[in-house]
Amino acid sequence: MNRFLTNKYLVFLVRLAIGIVFVYAALSKITHPDQFARIIYNYHILPGGVINVFALFLPWIEILCGFLLIIGFWHKSATVILGGVTVVFIIALSVALFRGVNIECGCFSTTSKAKGPVIDLIVRDTVMLVGCALILAADKTVLALDGLRRRL
Amino acid sequence: MNKTILQIVVICLVAALLAVGNNLVNSNEVPWIGNWPSLSDNSDSVWVSPSYDAKSDPPTLRLSEAFDRFTSKTYLFVDAREPEEYQAGHIKEAINLPFDTFDDHWTQIEPLLPKEAKLVTYCSGTECDASLLLARLLIRKFGYKNIEIFFGGWPAWNKHKLPIDGKYDE
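Definitions and limits used
Residues numbered from 1 in each chain as written. Chains lettered and ligands numbered in written order. Predicted model: local features only at pLDDT ≥ 70, side-chain atom pairs only at ≥ 80, totals over all residues. Heavy atoms only, no water. Contact = heavy atoms within 4.5 Å. Buried area = accessible area lost by both parts, 1.4 Å probe. Salt bridge = Lys/Arg side-chain N within 4 Å of Asp/Glu carboxyl O. Buried < 20%, exposed > 50% of the residue type's maximum accessible area, 1.4 Å probe, protein only. Helix = DSSP H or I, 4+ residues; strand = E, 2+ residues; numbered from the N terminus. Pairing = 2+ DSSP bridges. Disulfide = S-S within 2.5 Å. Axes fitted to C-alpha atoms, helices over the stretch in contact; angles between N-to-C directions. pLDDT = per-residue confidence, 0-100. Patch = residues over 30% accessible without salt bridge, like charges linked within 9 Å, V, L, I, M, F, W, Y side chains within 5 Å. Areas by Shrake-Rupley, 256 points an atom, 1.4 Å probe, with all protein chains shown as cover.

K.L.:
What am I meant to see in the interface of chain A and chain B here?
P.N.:
Interfaces are often described in size by the accessible area the parts lose on coming together. Of the residues lining the interface, 33 residues belong to chain A; the matching set on chain B comes to 32 residues. Between chain A and chain B the total buried area reaches about 2,900 Å² when both faces are included, carbon and sulfur atoms providing 69% of it. Of all residues in chain A, A:Tyr41, A:Leu56 and A:Trp60 give up the largest surface area on contact with chain B, accounting jointly for 21% of the area buried on that side. Where chain A touches chain B, the interface holds 0 salt bridges.

Here is the structure:
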């Protein structure tokens, strides 16, 4: 089972999937940091002074790490960061769930008013976190610049 | 391990540079330090009606205290505004008991408000006394004991985009 889960082709697919998800998730936030900041504010977790810093910085972390995962360059470091980001998301959503706040997730879009059940979002982020753990546990992957670098 | 930490630092620095650059050219730019209203220093939440008597009337709540009551899930919020206002938007899961037309609604609402329940009444903030008058009525005529008044009411709750049913006022 362990060998299957850390199979280099499976790890490649997981890497690709998580990379694409984070790149896609960042695009709307990068073009509309004002709206993303408002969504973060609505969680009522962060102090007002750091909300905009978070709204400006986080999407670039997402897109950069997502891109690094796709091309397989420094992909373990990028996975550590994205895993940490995902843990932050899970904590924020759990606080919202505990408070009974039906927030706009701000996960993939800053303009959609769609509000899914918070528990579904937590489950989805937990799956992503498991994916990050798989990448970190695996020794090998394919189609990665990290591997090419080692061979050169 | 050291290599990983170094790479993480470099990634974060590059992301920070990109964020700074993007915010310089983005038409939707935002200031780095935002001026978001805080729940605890909201001026609306400290206003009380001129007819409020601190000695005989129920205690009042600031916005941050009302939000704490809300998140504890052990309080019932009672909206004393008219049904049209309530339907447009109200504090999430609040019960509508309009003070001005109290008699028309009381028999319907009474089963939802057990005598031992902890209640928070609110209305339209600085523009109304209905939350105070409703609280007095429930205490003096119907024997409720655990009532607090949130004078900031709907405007303060709406301003901070706290959880609601319906729509926020623009």
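K.L.:
Looking at this model, I keep getting lost on the pairing of strand 5 (residues 147-150) of chain B. Mind explaining?
P.N.:
Looking along a regular strand, one sees side chains alternate from face to face of the sheet. Residues and elements named next belong to chain B. In strand 5, alternate side chains face the same way, and those of Ile147 and Ile149 on one face and Glu148 and Phe150 on the other are all buried. Pairing between strand 4 (residues 118-122) and strand 5: 4 bridges, direction parallel. Across the sheet, tyrosine 122 pairs through a bridge with phenylalanine 150, a residue of strand 5.

K.L.:
Mind showing me how you'd approach the state of the cysteines here?
P.N.:
By definition, a disulfide links the sulfur atoms of two cysteines through a covalent bond. Summed over the entire model, instances satisfying the criterion amount to 1 disulfide over all chains. Shown here is the disulfide that connects B:Cys123 with B:Cys128, its sulfur atoms set 1.8 Å apart. A torsion of 110° about the S-S bond marks the disulfide between B:Cys123 and B:Cys128 as right-handed. Taking the relative accessible area as the measure of exposure, B:Cys128 reaches 15% and is therefore buried. Between A:Cys132, a cysteine without a disulfide, and A:Cys65, which holds the nearest cysteine sulfur, the sulfur-to-sulfur distance is 9.9 Å.

K.L.:
Mind showing me how you'd approach the sheet that holds strand 1 (residues 75-79) of chain B here?
P.N.:
Within a beta sheet, neighbouring strands are joined by backbone hydrogen bonds and run either parallel or antiparallel to one another. All names here are of chain B. One open sheet accounts for 4 strands, arranged 3-1-4-5; its pairing is parallel. The sheet terminates laterally at strand 3 (95-96) and strand 5, the two strands that pair on one side only. Contacts from helix 2 (residues 63-72) reach strand 1, strand 4 and strand 5, with the element oriented near 120° to strand 1.

K.L.:
What exactly am I supposed to notice about the side chain of B:Asn22 here?
P.N.:
Structurally, B:Asn22 is set in helix 1 (residues 2-25). Not counting the four nearest positions on each side in its chain, B:Asn22 is found in contact with A:Ile30 and A:Trp60.

K.L.:
Where do I start with the environment of A:Ile30 in this structure?
P.N.:
Along the chain, the position of A:Ile30 falls in helix 2 (residues 8-31). C-alpha separation for the pair A:Ile30 and A:Ile63, spaced 33 residues apart in sequence, amounts to 9.1 Å.

K.L.:
Would you mind showing me how to read the confidence of the model for chain A here?
P.N.:
Caution is warranted with low-pLDDT regions, since their predicted coordinates should not be read in detail. When pLDDT is averaged across chain A, the result is 85; 88% of the residues are at 70 or more. Mean pLDDT across the elements of chain A bottoms out in helix 7 (residues 145-151) of chain A (70) and peaks in helix 4 (residues 48-71) of chain A (94).

K.L.:
Any chance you could explain a nonpolar patch on the surface here in plain terms?
P.N.:
On the surface, A:Ile45, A:Leu46, A:Val50, A:Val53, B:Val20, B:Leu24, B:Val25, B:Trp32 and B:Ile33 cluster together to form a nonpolar patch covering roughly 790 Å² of accessible area. Of all elements in the fold, only helix 4 of chain A together with helix 1 of chain B reach the threshold of two or more residues within the nonpolar patch. In terms of residue count, the dominant contributor to the nonpolar patch is helix 1 of chain B (3 residues). Checked against the element boundaries, A:Leu46 lands in the loop between helix 3 (33-43) and helix 4. By relative accessible area, which is 30% here, A:Leu46 ends up partly exposed.

K.L.:
Explain unusual backbone geometry to me, please; I cannot follow it from the model alone.
P.N.:
Leaving glycine out, the prevailing phi sign among residues is negative, and the prevailing peptide bond configuration is trans. Residue and element names in this part refer to chain A. Positive phi, normally seen in glycine, also occurs at histidine 44, with a value near 55°. Its place among the elements puts histidine 44 in the loop between helix 3 and helix 4. Taking relative accessible area as the criterion, histidine 44 reaches 14% and is therefore assigned buried. Non-glycine residue tryptophan 74 carries a positive phi angle of around 50°.

K.L.:
When you look at the environment of B:Gly152 in this model, what are you seeing that I'm missing?
P.N.:
Mapped onto the elements, B:Gly152 comes out in the loop between strand 5 and helix 6 (153-159). Sequence separation between B:Gly152 and B:Ala66 is 86 residues, and the spatial gap between their C-alpha atoms is 9.1 Å.

K.L.:
Quick question: what am I supposed to make of the pattern of salt bridges here?
P.N.:
All names here are of chain A. Applying the stated criterion across every chain yields a total of 6 salt bridges over all chains. One salt bridge in this structure joins lysine 29 and glutamate 62, with 2.9 Å as the shortest N-O distance. One end of the pair, lysine 29, is in helix 2; the other, glutamate 62, is in helix 4, and 33 residues separate them in sequence. A relative accessible area of 1% places lysine 29 in the buried class. Its relative accessible area of 1% is what places glutamate 62 among the buried residues.

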